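As a plain string of letters, each chain reads:
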Amino acid sequence: MIGILIRLKLRVLRNSLRGRQIAGMIVGGLFGLLAALFTIGIAVFPAPEARITVDLLTSIYAVWMAGWVLAPIATGGGDDTLRPEHFALLPIGRRKLAVGLLAASFVGVTAVVSLLAFLGLVFYGLRFGAGAALVGLVFTVLQLAFVVLLYRVVMAALGTLLTSRKGKELGIILVALTGLSGVAVNYVMRSVGPAIVTGQMPGFVSVMHALPSGWGTLAVHAAGVGNWGTVGGLFAALLGVVAVLVVLWGALLARQVTTPSFRGASRTRAKSTRTRRSLLPATPVGAVARKELHTWWRDARRRVALLPTLLIGFVITVVPALSGGGGQSVMLPYFGVAVVFFASMQSGNLYGMDGSALWHTLVVPGAERADIRGRQLAWVLIVAPVALVLALVLPGVTGVPGAYPWVLGLVPATLGAGAGVLMLQSVFLAFPLPDQRRSGSPWSSGGRPGCARAALMLATTLLIVLGALPVVALGVAGKLADLPVLQWLGIPAGIATGIALAWWWGSLAQQRLVTRGPELLATVSKER
């Protein structure tokens, strides 16, 4: 069964990867390779004190462990190539299926890169001798098994939790906190690393040592100094943790396969027939916009995509100021613009989220224009209030009033560009997502590689930067020529640029939907 599922995953990957997925996987693999080489470098090159290498390696391997769990949630790129639901009707024993799917989890770029990073334990052991290197090799295998199992158990547990309405709300909060983890990473990179080297954070280092991700480093160091009793204890402890995770993975897998994630339509109270007044126009565009606003509010998958970006905009304006640094305080007024960037990057693939419901639009003659413009309008109505409030408040609160012409010009420019890119991504780069009636996880990506999604985010960012260029050019010209009026002209320039790009890129998306609508429907309906 192990060999069959491994070959099945390789065959599915080979048949499903296309140009942009392959490119994204290569880019993600290169970044992962650089991170692995950095980890190996810490293990190879000796530090002034032996404890510095141990403390740094335990902390770095804790980051690798956190990345295995948090990265799929943050990017929506979890490994869904082989989903347990696919095997629900096959006569395969629970134990065989659990072992086979677990073995298939080790097939992929992420596992290979992580293996290279954990091989740093072998190189660290070579500094002490062959015995310590052999201990490093054993713990390399155990730590790779640990992180893969931890990832599988956490994702399966969350998938089970998210089968209920309250569980999905909890999952949305979890994803929002995951999105904010970037702030913590920034703080760690700037403050914790140097503090570890100088020995100023003994409490943090003790926590890193206590985590299973750091036991391999401690075991290699203990073998190097001849403390084989500690090596045996750490080996037994990590082996026990892996065994517990295997048992949990088997139990969660059985529940995931045998329990339906969709339990039928819920009972709803009879709604009042009284019509409600709406500020949106009574036109097809207004109707689509109102429908989209309701969908953004009710659909867990869309809230998962959007809520973290909005929270990042608020929290990231406070945390950097608390951690100090003049450069960070200078950037604070511009985080209203950052909200637009994050929201655009995370909110694309609208037709992939809707799936086969796209046919409602295709069967109505001429409905493509209203659908595109209504979706753009709804997205702007959601993101613009938050971005504008931040743009109006932060420059004054942070004592940088000179940033007002820049911020007030960049926000409308990026809003318009983001609304256009949103639809370009949704029609040109759409990919299918699993039916939520069969998959309880709102961030399940249907097997699309997470690194491909990261490359897509990068491309989206570059397009929005193009929309901000006129405002930046006027601001720079006004600064160099000492003409504030040129900087203030960036505001009408930003408004005009935003409207033009939203209209232009929306028209391109509309034309694509008209000419390739059936093909788009076939693409986004593959997982249904």
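Everything quoted here is computed from the prediction, not taken from an experiment. (Residues numbered from 1 in each chain as written. Predicted model: local features only at pLDDT ≥ 70, side-chain atom pairs only at ≥ 80, totals over all residues. Heavy atoms only, no water.)

**Concerning the overall build of the protein**
Defined as follows: Where helices and strands are cited, they refer to DSSP runs of H or I of at least four residues and of E of at least two residues respectively, numbered from the N terminus. Summary of the burial criterion: residues with accessible area below 20% of their type's maximum are buried, those above 50% are exposed, and those between are partly exposed, where the area comes from a 1.4 Å probe applied to protein chains only. Throughout, a residue-residue contact means that at least one pair of heavy atoms, one from each residue, lies within 4.5 Å. Surface exposure here means Shrake-Rupley accessible area, sampled with a 1.4 Å probe, where a residue is shielded only by the protein chains that are shown.
When its secondary structure is counted, the protein shows 24 helices and zero strands. Out of the 528 residues belonging to the protein, those deemed buried represent 48%. A fraction of 82% describes how many contacts in the protein between residues 6 or more apart in sequence connect residues 24 or more apart. Of the roughly 25100 Å² of accessible surface on the protein, 71% is carried by carbon and sulfur atoms.

**Some words on the side chain of Ser 59**
Here Ser 59 shows up in helix H3 (residues 50–75). Aside from chain neighbours lying at most four places away, what touches Ser 59 is Ile 196, Phe 204 and Met 208.

**Regarding the environment of Ala 473**
Looking at where Ala 473 falls in the secondary structure, it is placed in helix H22 (residues 450–481). Given the relative accessible area of 46%, Ala 473 is considered partly exposed. The sequence separation of Ala 473 and Leu 486 amounts to 13 residues, and the corresponding C-alpha distance is 9.5 Å.

**Regarding the packing of helix H20 (residues 367–397) against helix H24 (residues 490–524)**
This is how it is decided: Axis lines are fitted through C-alpha atoms, for helices just across the contact stretch, and the angle between N-to-C directions can take any value from 0 to 180 degrees. Angular relationships are summarised with four words: roughly parallel below 35 degrees, roughly antiparallel beyond 145, roughly perpendicular across 65 to 115, and oblique for the angles in between. In this scheme the crossing of two helices becomes right-handed for a clockwise turn of the near helix relative to the far one and left-handed for an anticlockwise turn of less than a right angle. Side-chain classes are defined by residue name, with Ala, Val, Leu, Ile, Met, Phe, Trp, Tyr, Cys and Pro counting as nonpolar, Asp, Glu, Lys and Arg as charged, and the others, Gly among them, as polar.
As a packed pair, H20 and H24 sit with axes 9 Å apart at the nearest point and diverge in direction by 140°. Here H20 lies oblique to H24, going by the angle between them. Both H20 and H24 take part in a crossing whose hand is right-handed. The segment H20 lies against H24, with Glu 368, Arg 369, Ile 372, Arg 373 and Gln 376 engaging Ala 502, Trp 503, Gly 506, Ser 507, Ala 509, Gln 510, Leu 513 and Val 514. For the contact of H20 with H24, a count of residues per class yields six nonpolar, four polar and three charged.

**Let's talk about a nonpolar patch on the surface**
Where we set the bar: Patch definition: residues above 30% relative accessible area lacking any salt bridge, with like charges linked at up to 9 Å and the nonpolar side chains Val, Leu, Ile, Met, Phe, Trp and Tyr linked at up to 5 Å. Any carboxyl oxygen of Asp or Glu that lies within 4 Å of a side-chain nitrogen of Lys or Arg is treated as forming a salt bridge with it.
A cluster of nonpolar side chains, Ile 22, Ile 26, Val 27, Leu 30, Phe 31, Leu 33, Leu 34, Leu 37, Val 112 and Leu 116, forms an exposed patch at the surface whose accessible area comes to about 890 Å². Breaking the nonpolar patch down by element, the ones donating at least two residues are helix H2 (19–44) and helix H5 (109–118). Looking at the nonpolar patch, the element that brings in the most residues is H2, giving eight residues. Counting through the fold element by element, Leu 30 comes out in helix H2.

**A short note on the pattern of salt bridges**
Scanning all chains against the criterion turns up five salt bridges. In this structure, Asp 354 engages Arg 375 in a salt bridge whose closest nitrogen and oxygen atoms are separated by 2.8 Å. One end of the pair, Asp 354, is in helix H18 (residues 350–354); the other, Arg 375, is in helix H20, and 21 residues separate them in sequence. A relative accessible area of 18% places Asp 354 in the buried class. According to the relative accessible area criterion, Arg 375 is buried, its value standing at 3%.

**Concerning the environment of Trp 228**
Note that Trp 228 resides in helix H12 (residues 228–258). Sequence-distant contacts of Trp 228, defined by excluding residues within four places in its chain, comprise Gly 131, Val 135 and Ala 223.

**Section: the packing of helix H13 (residues 284–298) against H20**
As a packed pair, H13 and H20 sit with axes 7 Å apart at the nearest point and diverge in direction by 50°. Here H13 lies oblique to H20, going by the angle between them. Every pair of crossing elements has a handedness; the one defined by H13 and H20 is right-handed. Together, Pro 284, Val 285, Val 288, Ala 289, Lys 291, Glu 292, Leu 293 and Trp 296 of H13 and Arg 369, Ala 370, Asp 371, Arg 373, Gly 374, Arg 375, Leu 377, Ala 378, Trp 379, Leu 381 and Ile 382 of H20 make up the contact between the two elements.

**Overview of the side chain of Thr 497**
Selection criterion: Side-chain atoms alone can form a polar contact between residues adjacent in sequence; in general such a contact is a pair of N or O atoms within 3.5 Å, and within protein one must be able to donate a hydrogen while the other accepts it.
In this structure, Thr 497 sits in helix H24. The class for Thr 497 is buried, based on a relative accessible area of 15%. For Thr 497, the side chain forms a polar contact with the main-chain oxygen of Ala 493, separated by 2.7 Å. The contact partners of Thr 497, leaving out residues within four places of it in the chain, are Gly 467 and Pro 470.

**Remarks on the packing of aromatic side chains**
For the record, the criterion: Each Phe, Tyr or Trp ring, with Trp reduced to its six-membered ring, pairs with another whose centre is within 6.5 Å; inter-plane angles below 30 degrees give stacked pairs, above 60 give edge-to-face pairs, and intermediate values give tilted ones. Sitting over a ring, as applied to charges here, requires NZ of Lys or CZ of Arg to be within 6 Å of the ring centre and within 35 degrees of the ring normal.
The tally for this structure, following the rule as stated, stands at five aromatic pairs. Positioned above the aromatic ring of Trp 503, the side-chain terminus of Arg 373 is 4.1 Å from the ring centre.

**Section: H24**
The following threshold applies: Take the residue count of a helix, subtract one, and multiply by 1.5 Å to get its expected span. Bending is quantified residue by residue as the angle between axes fitted to the seven-residue window ending at that residue and the seven-residue window starting at it.
Given a rise of 1.5 Å per residue, 35 residues ought to cover 51 Å, yet the end C-alpha atoms of H24 are separated by just 40 Å, more than 12% below that figure. Arg 516 marks the point of greatest bend in H24, at about 85°, and the proline Pro 518 comes within the next four residues.

**Considering the environment of Val 109**
Residue position: Val 109 is located in helix H5. When the C-alpha atoms of Val 109 and Gly 28 are compared, they prove to be 8.4 Å apart, with 81 residues separating the residues in sequence.

**Brief notes about the nonpolar core**
Note the cut-off: Take the buried Ala, Val, Leu, Ile, Met, Phe, Trp, Tyr and Cys residues and link them wherever side-chain atoms come within 4.5 Å; each set so joined is a nonpolar core.
Formed by 56 residues in total, the largest nonpolar core has its most connected members in Trp 64, Leu 101, Val 135, Phe 139, Phe 146, Val 147 and Trp 249. Per-element tally for this core: the top contributor is helix H7 (residues 130–161), with 14 residues. Contacts of Trp 64, omitting those with residues within four sequence positions, involve Gly 32, Ala 35, Ala 36, Thr 39, Val 113, Ser 114 and Ala 117. Counting residues in each nonpolar core, the second largest holds 47 residues, with Leu 306, Phe 335, Leu 410 and Val 524 among its members.

**Side note on unusual backbone geometry**
Unlike most non-glycine residues, Asp 482 shows phi in positive territory, near 55°. Tracing the chain through its elements places Asp 482 in the loop between H22 and helix H23 (484–488). With a relative accessible area of 64%, Asp 482 lands in the exposed category.

Distances and angles like these do not, on their own, reveal function.
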